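Given next are the chains, with one letter for each unit.
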2 protein chains.
Amino acid sequence: MEITTQDIAAIVKKVISEVETSNTTAKSNEIPVGISNRHIHLNKDDLETLFGKGYELTPIKELSQPGQYACKETLTLVGPSMRSIENVRVLGPLRKASQVEISVTDSFVLKVKPPVRESGKTEGSAPVTIIGPKGIVVLKEGCIIANRHIHMSPADAAHFGVKDGDYIDVDAFSGTKRTRWFDVQIRVNDAFRLEMHVDTDDANAVGFKNGSTVTVAK
Amino acid sequence: MEITTQDIAAIVKKVISEVETSNTTAKSNEIPVGISNRHIHLNKDDLETLFGKGYELTPIKELSQPGQYACKETLTLVGPSMRSIENVRVLGPLRKASQVEISVTDSFVLKVKPPVRESGKTEGSAPVTIIGPKGIVVLKEGCIIANRHIHMSPADAAHFGVKDGDYIDVDAFSGTKRTRWFDVQIRVNDAFRLEMHVDTDDANAVGFKNGSTVTVAK
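Residue indices begin from 1 for each chain and proceed along its sequence in written order. Each chain takes a letter, starting from A, and each ligand takes a number, starting from 1, following the order in which they are written. Two thresholds apply to this predicted model, a pLDDT of at least 70 for residue-level local features and 80 or more for giving and counting side-chain atom pairs, whereas whole-chain, interface and lining totals are computed over all residues. Side-chain metrics rest on all non-hydrogen atoms present in the structure, leaving aside hydrogens and water.

1. Observations regarding the pairing of strand 10 (residues 149-152) of chain B
Residues and elements named next belong to chain B. Of the two faces of strand 10, both are covered, the one formed by H149 and H151 as well as the one formed by I150 and M152. Strand direction decides the pairing type here: strand 10 and strand 12 (residues 179-188), joined by four bridges, are parallel. Residue pairing for strand 12: H151 is matched across the bridge by R187. Sheet topology places strand 10 next to strand 13 (residues 195-199); three bridges connect them, and they run antiparallel. Looking across to strand 13, one finds that H149 is bridged to H197. Three labels apply to residues, based on accessible area from a 1.4 Å probe with only protein chains included: buried if under 20% of the type maximum, exposed if over 50%, partly exposed otherwise in between. Runs of E in the DSSP output that reach at least two residues are strands. Runs of H or I that reach at least four are helices, and both are numbered from the N terminus. Strand pairing is assigned whenever DSSP detects at least two bridges linking the two strands.

2. Digging into the interface of chain A and chain B
Of the residues lining the interface, 23 residues belong to chain A; the matching set on chain B comes to 23 residues. The buried area of a pairing is the accessible area, by a 1.4 Å probe, that goes missing from both parts when the two are put together, added over both. Summing both partners gives a buried area of about 1900 Å² for chain A against chain B, and 51% of it is carried by carbon and sulfur. Per-residue buried area on chain A facing chain B is highest for A:K177, A:R178 and A:N204; these three make up 31% of the total on that side. Just to be clear on terms, a salt bridge is a Lys or Arg side-chain nitrogen sitting within 4 Å of an Asp or Glu carboxyl oxygen. Joining chain A to chain B, the criterion identifies six salt bridges. Residue A:K177 is joined to B:D202 by a salt bridge in which the shortest nitrogen-to-oxygen separation is 2.9 Å. Listing elements by their share of the side of chain A that touches chain B, those giving two or more residues are helix 3 (104-110), strand 9 (136-146), strand 12 (179-188) and helix 5 (200-206) of chain A. Residue contacts are counted whenever heavy atoms from the two residues lie within 4.5 Å of one another.

3. Observations concerning the relation of the copies chain A and chain B
A least-squares fit on C-alpha atoms brings the copies together, and the residues used are those whose pLDDT is at least 70 in both copies. Note on the identical chains: chain A maps onto chain B by a rotation of 179° and an axial translation of 0.0 Å, with an RMSD of 0.4 Å. Such a combination of turn and shift is consistent with a two-fold rotation axis. When each C-alpha of chain A is compared by its distance to the rotation axis, A:R180 comes out closest, at 2.4 Å.

4. Considering the side chain of A:D199
Tracing the backbone through its elements, the reader meets A:D199 in strand 13 (residues 195-199). A residue is classified by how much of its surface remains accessible, and A:D199, at 8% relative accessible area, is buried. A distance of 3.1 Å separates the side chain of A:D199 from the backbone nitrogen of A:D201, its partner in a polar contact. We call two N or O atoms a polar contact when they sit within 3.5 Å, provided that within protein one can donate a hydrogen and the other can accept it, with sequence-adjacent residues counted only if both atoms are side-chain atoms. There is a polar contact of 3.4 Å between the side chain of A:D199 and the side chain of B:K177. Residue contacts for A:D199: discarding those within four places in its chain leaves A:I35, A:S36, A:S103, A:I145 and B:K177.

5. Observations concerning the pattern of salt bridges
Applying the stated rule across the entire model yields 20 salt bridges over all chains. Here A:K177 makes a salt bridge to B:D199, at a shortest N to O gap of 3.4 Å. Of this pair, A:K177 sits in the loop between strand 11 (167-172) and strand 12 while B:D199 sits in strand 13, on two different chains. Look at A:K177 and you get buried, because its relative accessible area is 6%.

6. Overview of the confidence of the model for chain A
Residue and element names in this part refer to chain A. Mean pLDDT for chain A: 92, with 89% of residues reaching 70 or above. Across residues 19-23 the pLDDT falls below 50, and counting only partners more than four positions away or on other chains, this stretch makes three contacts in the model. Taken over the whole predicted complex, pTM reads 0.87, whereas the ipTM for its chain interfaces reads 0.86. One number per residue, pLDDT, summarises how confident the predictor is, and it ranges from 0 to 100.

7. Quick notes on the nonpolar core
Grouped together as the largest cluster of nonpolar side chains are 42 residues, with contacts concentrated most on A:I150, A:W181, A:M196, B:I150, B:W181 and B:M196. Contacts of B:M196, omitting those with residues within four sequence positions, involve B:I31, B:P32, B:V33, B:G34, B:R148, B:H149, B:I150, B:V170, B:W181, B:V184 and B:V214. Among buried residues, the Ala, Val, Leu, Ile, Met, Phe, Trp, Tyr and Cys ones that are joined through side-chain atoms within 4.5 Å form a nonpolar core.

8. Section: unusual backbone geometry
A cis amide bond links A:G92 to the next residue, A:P93, at an omega of 0°. With respect to the helices and strands, A:P93 occurs in the loop between strand 5 (84-92) and strand 6 (99-101). A positive phi angle is found at B:N87, which is not glycine, with a value near 60°. Residue placement: B:N87 occurs in strand 5 (residues 84-92). You can call B:N87 exposed: its relative accessible area is 59%. Of note in this structure, B:K111 is not a glycine but carries a positive phi near 65°. Residue position: B:K111 is located in the loop between helix 3 (104-110) and strand 7 (116-117). Judged by its relative accessible area of 60%, B:K111 falls in the exposed class.

Take a look at the structure:
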């Protein structure tokens, strides 16, 4: 087999095209889904109340979003029902304000009424009590149902034609019950990896597993 | 105030119009939603295994669909996880085949993998074990996730322009997270009252309560 200059040019062109494409995570209309189980973010004060003065979190697993990690530490939630939910995972790093993210299903166990919120927007959200091995934190606010949202890089935002703070609709067709999710918040950051986050209620309703995908609705 | 013949004619016309409209349940594009918690339908053999020879169910509450009722009796479900779900309500009347309807959330507790199915279509569905006060029933099949469906009368079917066995899409916009449910099965029967049935996963995902409504998607 003879390799001509034209062959070489074609091969080089193909390789360059592939390298260029790989700079963008998103190569299609598909967005991978991560399912968020109930979890807790803590601030330094609450960490020390729950685990003791000078305590530090023990990371055990990197999460899909760079810099975020699951910790060895778990806590117990209680609400006015006087029933508890045990083994609720703490996620790191520490934040300015403690935040408890649960599902509506969980909210019936605890008898709390958390609003659907963007992470970090805890003002006026629901109260909940956190039980730790060394102390108890009675949060006056901070319990939320996380809104549906998609993390993406600026390159992915360009690919999808959206910007930070936009809301889009997506089709959840890769599970067992076809569903369209409206009002999905776009969050763009250099550190973000393309991923839609939903809670366990949304995931279970449509029969999604980690690795399921959604597509942008037409 | 003087009442003229014209006034009387107008009033009579208005009353007649209201009476005529009330013959059809559906007056708009809205469909009320009923949320189905996990429940069990039994056949006579399984009833007697679980509660004893000659036992009869004790109805305590009429359900929205005429002839269907919740019973005093509850049972315990177990699966390969060796964990149980207690106090699962039995619904009457008895059926030809026993059927256990749970949510995906429940399926993780039991470690069973029920398919999404129309009620009654239990062939090849998941196994599950039912614990009663007098005996145990090991169902080889019968555990399902109920499909999304809408009960309606022939008059309502005419109103919506659908027939028994059709599938339609509906918008769940009256909760906390706007969602479109596709592939919702239409079930038409003279005895049916207009109502969409969803399981607790679907209801919790969108923040629905009993009395929430959906509309037919355009």
